[in-house]
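A structural walkthrough
Here is how the chains run, residue by residue.
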2 protein chains.
Amino acid sequence: MKEPNSPDSPLADLCRQRGLKLTGQRRTIAFVLSDSDDHPDVEELYRRAVEVDPRISIATVYRTVRLFEENGILQRRDFGGGRARYEVADGDHGDHYHLIDADTGKVIEFENTELDSLLEGIVRQMGYDLVTTRLSVVGRRKAKTRTRD
Amino acid sequence: MKEPNSPDSPLADLCRQRGLKLTGQRRTIAFVLSDSDDHPDVEELYRRAVEVDPRISIATVYRTVRLFEENGILQRRDFGGGRARYEVADGDHGDHYHLIDADTGKVIEFENTELDSLLEGIVRQMGYDLVTTRLSVVGRRKAKTRTRD
DNA sequence: ATTGCAAATGATAATCTTTCTCATTATCAC
DNA sequence: GTGATAATGAGAAAGATTATCATTTGCAAT
């Protein structure tokens, strides 16, 4: 058993900060998410959560992921493929963006402050405050410059 | 009955250009799409298509929309809400982007050449050729400058 | 620490969107 | 016009997500 003061994951702390009841399952899912630096779908999150606590239900993963999204802890992404994928939400500063390899489907993250401020400016000029940016560029790997064969 | 030389919709022509068999249903769906300047989902497209030709099936709408997407005639969009939405694909020049009102869900289109070239450049620097850009910024209508109440 | 209550969970049914199946029909080249 | 081939319609099936409801749990007040 853990002692009451054992350190929680960053996301579990966020969860508490938002006034959400911190159940064992939420603690587990928060830990799994804090531990992930990719973009898992619910099925994959469930798989990882079960490794930590085998008596967790996939229904709870769906519920928790939705709850976390509503509270700005998670962001839902759609990279095609029919299932939603999730990642920890960015802070207030700069969002990050995704480049998707057209052939392999691989997701590559990138940041760009020039892009941040350009978008910010465009949206402001249209009379809005920017809340979130969802940007994925699909690209195809360039042929090498010295393609001779 | 239409004469064989009756003018087809721009999308129907595109359809023929791509070597796709131009059936009555595809002609209808192409017409409906050419006629739409919003972002209908399949259900909505089906509704509009039935007004033109009542004996069309929703399965065919699903099939056609997928076919058109695979052939670069349509682009699939995800604005949340669980269902895919479609719009006519942009030409080779500049993509267009979407601003989504956080409160109403309303979709506002915009273009920006500076954004076009910035993205192009970023992707190139990462070693890729840009294929498509999927960008939606979620924004909240700014409070008026003279908010006093 | 114990109690009580509101909220969360598990298991599964239900829903919703999209794809598949297969018998029938239509397209297009000849 | 004919025929081979592909497209369609109607409904079943699949896949992802949400709802249901009896049971369990977290947490605040005692």
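Residues numbered from 1 in each chain as written. Chains lettered and ligands numbered in written order. Predicted model: local features only at pLDDT ≥ 70, side-chain atom pairs only at ≥ 80, totals over all residues. Heavy atoms only, no water.

Take the protein's contact with DNA strand D next. Around DNA strand D sit 22 residues in total, of which Tyr62 and Arg83 of chain A together with Arg55, Thr60 and Arg63 of chain B are the nearest. Among all atoms of DNA strand D positioned within 4 Å of the protein, those belonging to sugar or phosphate total 74%. Side-chain polar atom of arginine 63 of chain B to a base nitrogen of DNA strand D: 2.7 Å apart, as the coordinates give it. Among the secondary structure elements, those contributing two or more residues to the surface near DNA strand D are α4 (58–70) of chain A together with α2 (24–34) and α4 (58–70) of chain B. The biggest single contributor to the surface near DNA strand D is α4 of chain A, with four residues. For the surface near DNA strand D, the class distribution of residues is six nonpolar, seven polar and nine charged. (Near = heavy atom within 4 Å. Polar contact = N/O pair within 3.5 Å; in protein donor to acceptor, adjacent residues only side chain to side chain. Helix = DSSP H or I, 4+ residues; strand = E, 2+ residues; numbered from the N terminus. Nonpolar A, V, L, I, M, F, W, Y, C, P; charged D, E, K, R; others polar.)

So, on to the pairing of strand β5 (residues 128–141) of chain A. Examined bridge by bridge, strand β3 (residues 97–101) of chain A and β5 of chain A share four bridges and lie parallel to one another. Within β5 of chain A, the residue paired with aspartate 101 of chain A across the bridge is glycine 139 of chain A. As judged from the 13 bridges shared by β5 of chain A and strand β5 (residues 128–141) of chain B, these two strands associate in the antiparallel manner. Along β5 of chain B, the bridge assignment pairs leucine 130 of chain A with glycine 139 of chain B. (Pairing = 2+ DSSP bridges.)

Glancing now at the interface of chain A and chain B. Each partner contributes to the interface: chain A provides 33 residues, whereas chain B provides 33 residues. In total, about 3200 Å² of surface goes out of reach between chain A and chain B, with carbon and sulfur atoms giving 64% of it. Linking chain A to chain B there are zero salt bridges. There are 14 residue pairs in polar contact (both at pLDDT 80 or more) connecting chain A and chain B. Its residues assigned to classes, the side of chain A that touches chain B shows 18 nonpolar, six polar and nine charged. (Contact = heavy atoms within 4.5 Å. Buried area = accessible area lost by both parts, 1.4 Å probe. Salt bridge = Lys/Arg side-chain N within 4 Å of Asp/Glu carboxyl O.)

For chain A, mean pLDDT is 89; residues scoring 70 or higher make up 91% of the total. Confidence drops under pLDDT 50 across residues 1–5 of chain A; counting only partners more than four residues distant or on other chains, this segment forms zero contacts. (pLDDT = per-residue confidence, 0-100.)

Moving on to the protein's contact with DNA strand C. Lining the immediate environment of DNA strand C, one finds 20 residues, of which Thr23, Arg55 and Thr60 of chain A together with Tyr62 and Arg83 of chain B sit closest. In DNA strand C, atoms within 4 Å of the protein come from the sugar-phosphate backbone in 75% of cases. A distance of 3.0 Å separates a phosphate oxygen of DNA strand C from a polar backbone atom of serine 57 of chain A. In the model, a base oxygen of DNA strand C is placed 3.5 Å from a nitrogen or oxygen of the lysine 21 of chain B side chain. Looking at the surface near DNA strand C, the elements that each hand over two or more residues are α2 (24–34) and α4 of chain A together with α4 of chain B. Considering only residue class, the surface near DNA strand C consists of six nonpolar, six polar and eight charged.

This paragraph deals with the relation of the copies chain A and chain B. One copy of the chain maps onto the other through a rotation about an axis followed by a shift along the same axis. Rotating chain A by 179° and moving it 0.0 Å along the rotation axis overlays it on chain B with an RMSD of 0.1 Å. Look at the turn and shift together and you get a two-fold axis relating the two. The position closest to the rotation axis in chain A is occupied by the C-alpha of leucine 135 of chain A, lying 2.2 Å away. When the interface residues of chain A are mapped onto chain B, 100% of them again lie at the interface, so the same face is used by both copies. (Least-squares fit on C-alpha atoms with pLDDT ≥ 70 in both.)

Further remarks concern a negative patch on the surface. A cluster of acidic side chains, namely Asp35, Asp37, Glu109 and Glu111 of chain A, defines a negative patch on the protein surface. Along the chain, the position of glutamate 109 of chain A falls in strand β4 (residues 107–110). (Patch = residues over 30% accessible without salt bridge, like charges linked within 9 Å, V, L, I, M, F, W, Y side chains within 5 Å. Areas by Shrake-Rupley, 256 points an atom, 1.4 Å probe, with all protein chains shown as cover. Lys, Arg positive; Asp, Glu negative; His and termini not counted. Charge placed at Lys NZ, Arg CZ, Asp CG, Glu CD.)

Moving on, we get to the domain arrangement of chain A. All names here are of chain A. Partitioning chain A into domains gives domain 1 (10–88) and domain 2 (97–139). For domain 1 and domain 2, the distance between their C-alpha centroids amounts to 23 Å. At the junction of the two partners, domain 1 supplies five residues and domain 2 supplies eight residues. Contact between domain 1 and domain 2 buries roughly 550 Å² in total, counting both sides, with carbon and sulfur atoms accounting for 53%. Of all residues in domain 1, the largest losses of buried area upon contact with domain 2 belong to His39, Arg77 and Phe79, amounting jointly to 67% of the total for that side. For the pair domain 1 and domain 2, the interface holds zero salt bridges. (Domains from an automatic or database assignment.)

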